[in-house]
Amino acid sequence: MGFLWNALIVLFCGFIFLRILGKKTVAEMTGLEIITLLAMASVMGHAVSEDGLWKTLLTLATFVVLLLTVQYLALKFNLMERLFMGRATLVIKDGKIITKNLKKLRITVDQLEARMREKGIASFSDVKTGTIEINGLLGYELMRQAQPVTIGELEKILAQLNLMRPKERSQPSMNLFDEVISEEHRPPIQPDLD
């Protein structure tokens, strides 16, 4: 029965430590964060049967404190950020692939193309600047001719052509992000859906 309680305590403490580390998906994590997460999982896996409860909890807490310390130092010092988190790497400049940087990252052109397709980019020539971010995702800036027109820009153009009077701004309706900020549903949701 003590085995079961130890397992529940380790699981609960692991959950709390992960909540302290913050909300990130694996795709958003840096290498150091992934290694810490895997180390925590390994320790939790061996914890209950072999190492003892307090030794396990102390080890998990140490991992979390070390990671938080590195993250804090990375916020304060650029050198620490570069050393532990890395930097984005330029892979496309003015529509041209920088193959030297792709080789450094060990990414093929096909893999880069797949990331571009996921973002809805049809051609390298549409990309002014493309980077592989520290989390492995594609960051990009489109060429001027490939950028979508915003509603605001369209309204200005139509107003200049006298095809449309400038709209007076009405009070916008509540959106989903406003609900997160105010921490309540507006309008209130039906009790049976809550």
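Details of the structure are given in the entry above.
Residues numbered from 1 in each chain as written. Predicted model: local features only at pLDDT ≥ 70, side-chain atom pairs only at ≥ 80, totals over all residues. Heavy atoms only, no water.

1. Examining the overall build of the protein chain
Scanning the protein chain from N- to C-terminus turns up 8 helices and 4 strands. Reading the helices (α) and strands (β) of the protein chain from amino to carboxyl end gives α-α-α-α-β-β-α-α-β-β-α-α. Per-residue burial for the protein chain yields a buried fraction of 23% across its 194 residues. Here the analysis covers contacts within the protein chain between residues at least 6 apart in sequence; of these, 47% occur between residues at least 24 apart. Carbon and sulfur atoms make up 61% of the accessible area of the protein chain, which totals about 14,800 Å². (Helix = DSSP H or I, 4+ residues; strand = E, 2+ residues; numbered from the N terminus. Buried < 20%, exposed > 50% of the residue type's maximum accessible area, 1.4 Å probe, protein only. Contact = heavy atoms within 4.5 Å. Areas by Shrake-Rupley, 256 points an atom, 1.4 Å probe, with all protein chains shown as cover.)

2. Brief notes about the pairing of strand 3 (residues 127–132)
On any regular strand, side chains alternate: one points to one face of the sheet, the next to the other face. Burial of strand 3 is extensive: 5 of the 6 residues sit out of reach of the surface. Of the strand pairs in this sheet, strand 1 (residues 89–93) and strand 3 are connected by 4 bridges, and their pairing is antiparallel. Bridge assignment links Lys93 to a residue of strand 3, and that residue is Thr129. Between strand 3 and strand 4 (residues 138–142), which pair antiparallel and follow one another directly, the connecting turn spans 5 residues, one of which, Gly136, has a positive phi of 90°. (Pairing = 2+ DSSP bridges.)

3. What to know about the environment of Ile97
Of note, Ile97 is situated in strand 2 (residues 96–97). Taking the C-alpha atoms as reference points, Ile97 and Ser125, separated by 28 residues in sequence, lie 9.6 Å from one another. Dropping the residues within four chain positions of it, Ile97 is found in contact with Val91, Leu102, Val109 and Phe124.

4. Quick notes on the pattern of salt bridges
Under the definition given, this model contains 2 salt bridges. Arg87 is the salt-bridge partner of Glu81, the closest N and O atoms lying 3.8 Å from each other. Overall, the relative accessible area of 25% leaves Glu81 in the partly exposed class. For Arg87, a relative accessible area of 40% corresponds to the partly exposed category. The salt bridge partner of Glu141 is Lys128, with a shortest N-O separation of 3.9 Å. Of this pair, Glu141 sits in strand 4 while Lys128 is found in strand 3, placing the two residues 13 residues apart along the sequence. The class for Glu141 is partly exposed, based on a relative accessible area of 36%. According to the relative accessible area criterion, Lys128 is partly exposed, its value standing at 35%. (Salt bridge = Lys/Arg side-chain N within 4 Å of Asp/Glu carboxyl O.)

5. Looking at helix 3 (residues 53–76)
Its 24 residues place the ends of helix 3 35 Å apart at the C-alpha level, agreeing with the 34 Å of an ideal helix rising 1.5 Å per residue. Of all the residues in helix 3, the buried ones are Leu53, Thr56, Leu57, Leu60, Val64, Leu67, Val70, Gln71 and Ala74. (Expected span 1.5 Å × (residues − 1).)

6. Comments concerning the sheet that holds strand 4
With antiparallel pairing, the 4 strands of this open sheet are ordered in space as 2-1-3-4. In the strand order of this sheet, the two ends are held by strand 2 and strand 4, each with one partner. Both strand 1 and strand 2 contribute to a ladder of 2 bridges, which runs antiparallel. Across the sheet, residue Ile92 finds its bridge partner in strand 2, namely Ile97.

Note that all results are geometric; they support no functional claim without further evidence.
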